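Per-entry structural report
In case you want the letters, here they are:
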Amino acid sequence: AGDLYEVASETNLSERRRRDSRLELVSRVPETQMVIFGPRDAKHTVTVFTDIDCGYCRKLHGEMSRYNQLGIRVRYLFYPREGPDSAGWQKATQVWCSANRQDALTRAKKGEALSAPKCATTPVAKDYALGQEVGLRGTPAIITASGELLPGYLPPDMLLKRLETGG
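None of the values given here were measured: they were computed from a predicted structure.

Below, the discussion takes up the packing of aromatic side chains. A full pass over the atoms with the stated rule returns six aromatic pairs. Where W89 meets Y128, the ring centres are 5.4 Å apart and the plane angle is 70°; that geometry is what we call edge-to-face. Of this pair, W89 sits in helix α4 (residues 87–97) while Y128 sits in helix α6 (residues 124–134), and the two are 39 residues apart along the sequence. Neither W89 nor Y128 differs from the other in exposure class; each is buried. Through a chain of ring-to-ring contacts, the aromatic side chains of F49, Y79, W89 and Y128 assemble into a single cluster. Positioned over the ring face of W96 is R101, at 3.5 Å from the centre of the ring.

Further remarks concern the pairing of strand β5 (residues 72–78). For β5, the buried fraction is high: seven of the seven residues fall into the buried class. A two-sided burial pattern is seen for β5, the buried positions comprising I72, V74, Y76 and F78 on one face and R73, R75 and L77 on the other. Bridge analysis of strand β3 (residues 35–37) against β5 gives three bridges, and the strand direction is antiparallel. Across the sheet, the residue bridging to V35 is Y76, located in β5. In this structure, strand β4 (residues 44–50) lies alongside β5, joined through seven bridges in parallel fashion. Its bridge partner lying in β5, F49 is registered against L77.

The rules we used
- Residues numbered from 1 in each chain as written.
- Predicted model: local features only at pLDDT ≥ 70, side-chain atom pairs only at ≥ 80, totals over all residues.
- Heavy atoms only, no water.
- Phe/Tyr/Trp six-rings, centres within 6.5 Å; stacked < 30°, edge-to-face > 60°.
- Helix = DSSP H or I, 4+ residues; strand = E, 2+ residues; numbered from the N terminus.
- Buried < 20%, exposed > 50% of the residue type's maximum accessible area, 1.4 Å probe, protein only.
- Lys NZ or Arg CZ within 6 Å of the ring centre and 35° of its normal.
- Pairing = 2+ DSSP bridges.

What follows is the structure, encoded as C-alpha cells:
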C-alpha cells in the first residue's frame, strides 16, 4: 500500500499518474464554466477549487490583485465542502447566476448576502463531483498547469515561487 517509485530516477510514479489524471479531468472543464481572475496571457494559470465560506479561500481571494500582479491567473471551480443542499452550495449557485460573477464571488467571500435570480443551469454539481474525483480533502485546493495539487492556501509570493520551480 502506498506510492510506487522508480528507484533509478527517484520518480514517484503514482504521483505522476495522479498529476496526469488531474490535468486531463480539469482540461475537460471549459473556461466558460469557471469564474476567472486575471488576464488570459498571464505567465501562470492555476485552477482553484473554492468554498465561499472557507476562511483560507477567503484569504486567498482577498489577495487576488497580488496574485494577478505576479502574473498568476486564477480559474475558480466551486467546491462547497458541506455538499449539496448546504448554505455554501446555495451561495455558489447565487454567484453563478449573478450577472457579474467576479463581483458576486468577491462580495460573497466578504460575507455579503447575494440576491441573484435562479438560473437554469450551474456548474456547481459538476465542479463538486470533479473535486471528489480528483480526491480533494479540503479547500482551497490549487491545481497547477502541470497537474500538481497544492492543498491549502499559499501566499502569492510562495505560490509564484512554487510555480516557477516546477509546480
